[in-house]
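Structural description and commentary
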Amino acid sequence: MGTENRGRPQFPARPAATPFAAAPPPQNMMPFSSSGPLVGSEASGFRPTPPAAPLPTVPSSTPVVGSQASGFRSPPLARFNDPSVPPPPTSNIPPPVGPYQRFSASPFPSTAQAPLSRAPPFGQPVAQPPAPPASLRLQSQIPPVPMGSPPQSINFASPNVNVPYSSSDSTFPAPRPNFQSSFPGYARMQSNADLQAPPIQSPFPPHQGGYAPAPLASSSPFLTHQGGYVPPMPVAAPLGLQSRDQMQHLGSGPPIGSIQGLIEDFSSLSVGSVPGSVDPGIDLKAMPRPLDGDVEPKLFAEMYPMNCDPRYLRLTTSAIPNSASLVSRWHLPLGAVVCPLAEAPDGEEVPVVNFVSTGIIRCRRCRTYVNPFVTFTDAGRKWRCNICSLLNDVPGEYFAHLDATGRRIDLDQRPELTKGSVEFVAPTEYMMRPPMPPVYFFLIDVSISAVRSGMIEVVAQTIRSCLDELPGYPRTQIGFATFDSAIHFYNMKSSLAQPQMMVVSDLDDIFLPLPDDLLVNLSESRSVVETFLDSLPSMFQDNVNVESAFGPALKAAFMVMSQLGGKLLIFQNTLPSLGVGRLKLRGDDLRVYGTDKEQMLRLPEDPFYKQMAAELTKYQIAVNVYAFSDKYTDIASLGTLAKYTGGQVNYYPSFQSAIHGKKLRHELTRDLTRETAWEAVMRIRCGKGVRFTSYHGNFMLRSTDLMALPAVDCDKAYAMQISLEETLLTTQTVYFQVALLYTASCGERRIRVHTAAAPVVADLGEMYRQADTGAVVSLFSRLAIEKTLSHKLEDARNSVQLRIVKALKEYRNLYAVQHRLGGRMIYPESLKFLPLYGLAICRSTPLRGGYADASLDERCSAGYTMMTLPVKKLLKLLYPSLIRLDEHLLKASAQVDDFKNLDKRLPLAAENLDSRGLYLYDDGFRFLIWFGKALSPDVAMNLLGADFAAELSKATLYEHDNEMSRKLIRILEKFRERDPSYYPLCHLVRQGEQPREGFLLLSNLVEDQIGGTNGYVDWILQIHRQVQQNA
């Protein structure tokens, strides 16, 4: 055949050392990606993406292989792996290295073959009839495939045995490494290239060592099934029905010394440090960084389109292990993060369903609510529970006929059977008592420090401005009490012209002077309430009392609210010093740190607070603590009230109304006006053999699995861990259902239900591929913070690192046999950011350093806050945004392009700070604007006015009368609008302005080494060394 083989590309020579690496392609040849792992956004570990544009010159059935077509880099097909393609001439190609063989083959198809069973010549058009739409082709041309449960292991022919076969013989399946696979089969395909449908994609990403063809450009990477049903893949395609594109020579093993040439279904980072050298041997730019923030796993949603949105429920891995032994090899937290009242995606409200006539449809055994995954049988008269498999009767009023596919004909009118999230209106049997009205009770410290800070004035003004927006009008109830060394109650009966103050100074025997008039209906007593709030700041402006009878005041507030429940908002400025619950100064003892007594500082000192929290929860009272002191105020004890009642802690150290007033105003407004679920309980049901064993967040556990939540809102998330009850799961899918029973502010009792399905797998690699970094990190951080309550900070940090090392070591062991890993650190694409987030957890306020690195109150308040944060908010706090502003501000103002480039985040390292620049650091809780030393004086003058040369700790940022200043204020407002749950205050710092630059910014640059703590490079090297030990 010589070199005159017209119509076929001239295959370039491959270097002998790495026979799978691709040489630069000629112009007329479709390019293949080079071998070696991808690091970064292109190396998607989740799903194959179709090519960006159709390739009209390649109309064949040969699958596209390359970085665009697959979630990992595949090697070029082994000489196209097609025996009907003749071997290239020896004059162009050196002899192949290793035992890959060339089999004798006819250059033309025999009569027994399909007309075009191989790729047509490149660059030559092929006459084709017009292709039908992708969906039509899929339905009309793909023969049915047998279903069945996957075998636990598949043994293939030994790779050392040479098995010759003829060109017309197509009965050899593609060899795969001998490992456990959850879906080992291939989809059946037709071999006719003219009418070839795209290959069916497995609902899972390609397996380790397996070859999966990518979809054609015109086809979706996932089949769309009506009703969201995804059929299981066949156990194995019948022999002889696989296209030649899927074949590889059974008798050929990988060349000796070139094992790395196998498909690498993982990401890696080269770590080539030389002992004794300063250079760490890591390409800093190649290190993975979450510069796009939290990215929800898309593959899971596409596999199960009827699952609830990930913002409501996220699993740490959406591949559930089928055995306890697999769980023990996972090493990362196995569980879920639930945010039951998360704000719905734009334009998608959670549908409300009212079963007036039938009552709510539930399984009579496990009490699961009807959902999209139940199946109807017996002509629609029975339904099978997806969680416990019990067959239930369908009530007559709920009956509907089934169509030919077994679906109800009224599906379009039944959101509970098509949507993963739904809200049921609960009938009276779901009520222990009539639904409570929204109740807000304010307990305000009026001691001298509270008066001087200006806190009382800001709080009174904010509450007054929110009266029209409090949820539940006209049923809303409101009440007030103030305290210093005594407790002051206020009678706000609607018949009064102004409120009456009543003082109780006997702290040992608290009583309510007017039990019925201390909590009033807001709409009836509106004028009295407004009069009180207007006069409150002046009422105590001359108060010089330094004491705080907080404990007795708390008991009094409980007595007022115990009839109805509600939300208790505490504004605390002075360490409690009188009566029950008084606290003493602690935490300023350096000698305690590093000893076994260290954790005692982070625990409540007095059991009174935990006992009160239990009582408050019992009577449906949630506590939100606002703490303001400039001195030690024992947040560890006060925060216990919020922890066990489903509340939150807001801490404003050294509060001054002129500086912090706007932040308090915004966050208190958010607290008062956001939609709240009252007197709630939450339970998560899951399929047979799986159960939730531990819960993490702010709540009280009423039974083994029932969480009591006196108040819930969209800013609260809860984490829980899963364990397997059975040694081996026999089902192919596990279902999870979150049910939140609550009272809406309108007075209706409702049940919000979120349902999700997840596949059961027997392959550890699959678990890692389907991992969700955001959920893993959320659970990690909660577990680490809880560990600081029983261990030293150092132990908590070490536990984070140890689990990451164990997980990466286990993952490495999966590939150590087939691949030459050398000095590379390998990790699943889905968890590429995990090491960096692990470092960020260790550097976060609750866990960092020791005595000198954060005040005790700051540490405890950050811990309470992080225990409640939803995933996106938590990840931003751990790895904040760093954005360059000066280039944007200097551009001519163009409204269209105003904010387009502002999402370009920089790695958190000092080397990215240019002294000629202006940078914004944003962790969701505060803004920090960093002025470089060499920044143009004009920019500084425009933004700061007369303060531009002053020390920036004394300067404040406000809008000046110039375009640049207006633009900066607009940018900051835009960032605040994106996440209204907290109000970031703006701090200013100039390069070299110590110590402010150090503690405000430099200590928070996660990737830098500072004060004896690891930087990102050191952390990676440390983890890599530990992974390689005994690996």
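Since the model is a prediction, treat every value here as computed from it, not as a measurement.

Conventions used here
Chains are numbered independently. Their residues run from 1 in the order of the written sequence. Where totals are concerned, whole chains, interfaces and linings use all residues; where local detail is concerned, this predicted model gives features only for residues with pLDDT of at least 70, and gives and counts side-chain atom pairs only at 80 or more. Side-chain numbers here rest on the full set of heavy atoms in the structure, without hydrogens or water. Secondary structure elements follow DSSP: runs of H or I of four or more residues count as helices, runs of E of two or more count as strands, with numbering from the N terminus. The classification of residues rests on relative accessible area computed with a 1.4 Å probe and restricted to protein chains. Under 20% of the type maximum is buried, over 50% is exposed, and intermediate values are partly exposed. Using a 1.4 Å probe, the Shrake-Rupley method yields the accessible areas, and only the shown protein chains count as cover for residues. Just to be clear on terms, a salt bridge is a Lys or Arg side-chain nitrogen sitting within 4 Å of an Asp or Glu carboxyl oxygen. Each patch is built from salt-bridge-free residues with over 30% relative accessible area, joining like charges within 9 Å and nonpolar side chains (Val, Leu, Ile, Met, Phe, Trp, Tyr) within 5 Å. Here, a strand pair is defined by DSSP locating no fewer than two bridges between the strands. Each Phe, Tyr or Trp ring (for Trp, its six-membered ring) is paired with any other whose centre lies within 6.5 Å, and the angle between the two planes then decides the class: stacked below 30 degrees, edge-to-face above 60, tilted in between. Residue-level confidence of the predictor, termed pLDDT, takes values from 0 up to 100. Only heavy atoms enter the contact rule, under which two residues are in contact if any of them lie within 4.5 Å. Axis lines are fitted to C-alpha atoms, over the contacting stretch for helices. Their N-to-C directions set the angle, which ranges from 0 to 180 degrees. Whenever a nitrogen or oxygen atom comes within 3.5 Å of another N or O atom, the pair is scored as a polar contact, on the condition that within protein one atom can donate a hydrogen and the other can accept it, and that pairs from neighbouring residues in sequence are kept only if both atoms are in side chains. Relative orientations are named as follows: roughly parallel for angles under 35 degrees, roughly antiparallel for angles over 145 degrees, roughly perpendicular for angles from 65 to 115 degrees, and oblique for any other angle. In this classification, the charged set is Asp, Glu, Lys and Arg, the nonpolar set is Ala, Val, Leu, Ile, Met, Phe, Trp, Tyr, Cys and Pro, and all remaining amino acids, among them Gly, are polar. Take the buried residues of types Ala, Val, Leu, Ile, Met, Phe, Trp, Tyr and Cys, join any two whose side-chain atoms come within 4.5 Å, and each joined set is a nonpolar core. Multiplying one less than the number of residues by 1.5 Å gives the expected span of a helix.

Right, let's get into the overall build of the chain. Scanning the chain from terminus to terminus reveals 21 helices and 29 strands. The burial tally for the chain puts 57% of its 1031 residues in the buried class. For the chain, the accessible surface area stands at approximately 42600 Å², while carbon and sulfur atoms represent 54% of it.

Glancing now at unusual backbone geometry. Residue Pro474 is bonded to the preceding Tyr473 through a cis peptide linkage, with omega at 5°. Secondary-structure assignment places Pro474 in the loop between α5 (455–466) and β11 (477–483). A cis amide bond links Gln994 to the next residue, Pro995, at an omega of 5°. Mapped onto the secondary structure, Pro995 falls in the loop between β29 (985–990) and α20 (996–1000). Even without a glycine there, the phi angle at Ala379 is positive, about 60°. Along the chain, Ala379 turns up in the loop between β6 (375–377) and β7 (382–384). Residue classification places Ala379 among the partly exposed residues on the basis of a relative accessible area of 41%. Phi angles above zero are rare outside glycine, and Asp634 is one such case at about 55°.

Per the stated rule, a full pass over the model turns up 52 salt bridges. Where Glu530 meets Arg464, a salt bridge forms, and the shortest distance between an N and an O atom there is 3.5 Å. In this pair, Glu530 sits in helix α6 (residues 526–539) while Arg464 sits in helix α5, placing the two residues 66 residues apart along the sequence. Owing to a relative accessible area of 31%, Arg464 belongs among the partly exposed residues under this scheme. For the salt bridge of Arg884 with Asp886, the shortest nitrogen-to-oxygen distance reads 2.8 Å. Taking the relative accessible area as the measure of exposure, Arg884 reaches 22% and is therefore partly exposed. Asp886 gets classed as buried once you look at its relative accessible area, which sits at 5%. One continuous salt-bridge network, built from bridges that share partners, spans Glu343, Lys567, Arg670, Asp671, Arg674, Asp713, Asp715 and Lys716.

Nonpolar side chains collect at one region of the surface, where Met501, Val503 and Met539 lie side by side and expose about 250 Å² of accessible area between them. Here Val503 lies in strand β13 (residues 500–504).

Of all seven residues that make up strand β21 (residues 707–713), seven are buried, and the element is covered over most of its length. Both strand β18 (residues 676–686) and β21 contribute to a ladder of six bridges, which runs antiparallel. Bridge pairing links Ala677 to Val712 in β21. Pairing geometry for strand β20 (residues 700–701) and β21, over two bridges, is antiparallel. From the neighbouring strand, Leu701 faces β21, where its bridge partner is Met707.

A ring pair, where both rings are aromatic, is described by two values, the distance of the centres and the angle of the planes. Applying the stated criterion to the full structure yields 25 aromatic pairs. Ring geometry for Tyr490 and Phe532: centres 4.5 Å apart, planes at 50°, overall tilted. Of this pair, Tyr490 sits in strand β12 (residues 487–491) while Phe532 sits in helix α6, and the two are 42 residues apart along the sequence. Per residue, the accessibility class of Tyr490 equals that of Phe532, and both read buried. Ring geometry for Tyr811 against Tyr815: centres 5.1 Å apart, planes inclined by 55°, an arrangement best described as tilted. Here Tyr811 and its partner Tyr815 are both found in helix α13 (residues 793–815), four residues apart, which amounts to about one turn of the helix. Note on accessibility: Tyr811 and Tyr815 belong to one class, buried.

Mean pLDDT over the chain: 78, with 71% of residues reaching 70 or higher. Confidence over residues 1–262 falls short of pLDDT 50; this stretch has 434 contacts with residues more than four positions distant or in other chains.

So, about the sheet that holds strand β22 (residues 718–724). Reading across the sheet, the four strands line up as β2-β4-β22-β19 and stay open at both edges, with antiparallel pairing between neighbours. Looking along the sheet, the strands with just one partner apiece sit at the ends: β2 (313–315) and β19 (690–696). Neighbouring strand axes in the sheet, compared pairwise and without regard to direction, differ in orientation by 25° on average.

Tracing the backbone shows Ser1003 in the loop between α20 and α21 (1016–1028). Side-chain polar atoms of Ser1003 contact the backbone oxygen of Phe999, separated by 3.3 Å.

What follows concerns the sheet that holds strand β26 (residues 881–884). In a beta sheet, neighbouring strands pair by backbone hydrogen bonds and run either parallel or antiparallel. A sheet is described by the order of its strands in space; here four strands give the open sequence β26-β27-β28-β29, paired in mixed fashion. In this open sheet, the two edge strands, each paired with only one partner strand, are β26 and β29. When the angles between neighbouring strand axes are averaged without regard to direction, this sheet yields 20°. In the sheet, β26 pairs with strand β27 (residues 918–922) via four bridges, with the strands oriented antiparallel.

This brings us to the side chain of Glu598. Looking at the secondary structure, you find Glu598 in the loop between β15 (566–572) and α8 (608–618). There is a polar contact of 3.1 Å between the side chain of Glu598 and the side chain of Arg602. Separated by 3.1 Å, the side chain of Glu598 and the backbone nitrogen of Leu793 make a polar contact. In this structure Glu598 touches Val592, Tyr593, Lys792 and Leu793, once residues within four positions along its chain are discounted.

Each packed pair of helices is defined by two parameters, the angle between the axes and the distance between the axes. Running from N to C, helix α7 (residues 550–561) and α8 cross one another at 10°; their axes reach a closest spacing of 11 Å. As judged from the angle between their axes, α7 and α8 are roughly parallel. Counting all contacts with α7, which are made through Phe550, Gly551, Leu554, Lys555 and Phe558, the residues of α8 involved are Phe608, Tyr609, Met612, Glu615 and Leu616. Looking at side-chain class alone, the contact of α7 with α8 contains seven nonpolar, one polar and two charged residues.

Another point: the nonpolar core. The nonpolar side chains of a soluble globular protein tend to be buried with one another. Counting residues in each nonpolar core, the largest one holds 149 residues, and the members touching the most others are Leu332, Phe424, Phe692, Phe736 and Ile751. The leading source of residues in this core is α13, at nine residues. Apart from the residues lying within four places of it in its own chain, the contact partners of Phe692 are Ala336, Ile684, Cys686, Met720, Gln721, Ile722 and Phe736. In terms of nonpolar packing, the next biggest core, distinct from the first, is built from 50 residues, Met502, Leu518, Tyr609 and Leu638 among them.

Below, the discussion takes up α5. Spanning 12 residues, α5 covers 17 Å between terminal C-alpha atoms, matching the ideal 16 Å at 1.5 Å per step. Buried residues of α5: Met455, Ile456, Val458, Val459, Ala460, Thr462, Ile463 and Cys466, and no others.

Along the chain, the position of Glu296 falls in the loop between β1 (267–270) and α2 (298–303). For Glu296 and Asp309, which are 13 residues apart along the polypeptide, the C-alpha to C-alpha distance reads 9.9 Å. Residue contacts for Glu296: discarding those within four places in its chain leaves Pro310, Arg311, Arg314 and Lys872.

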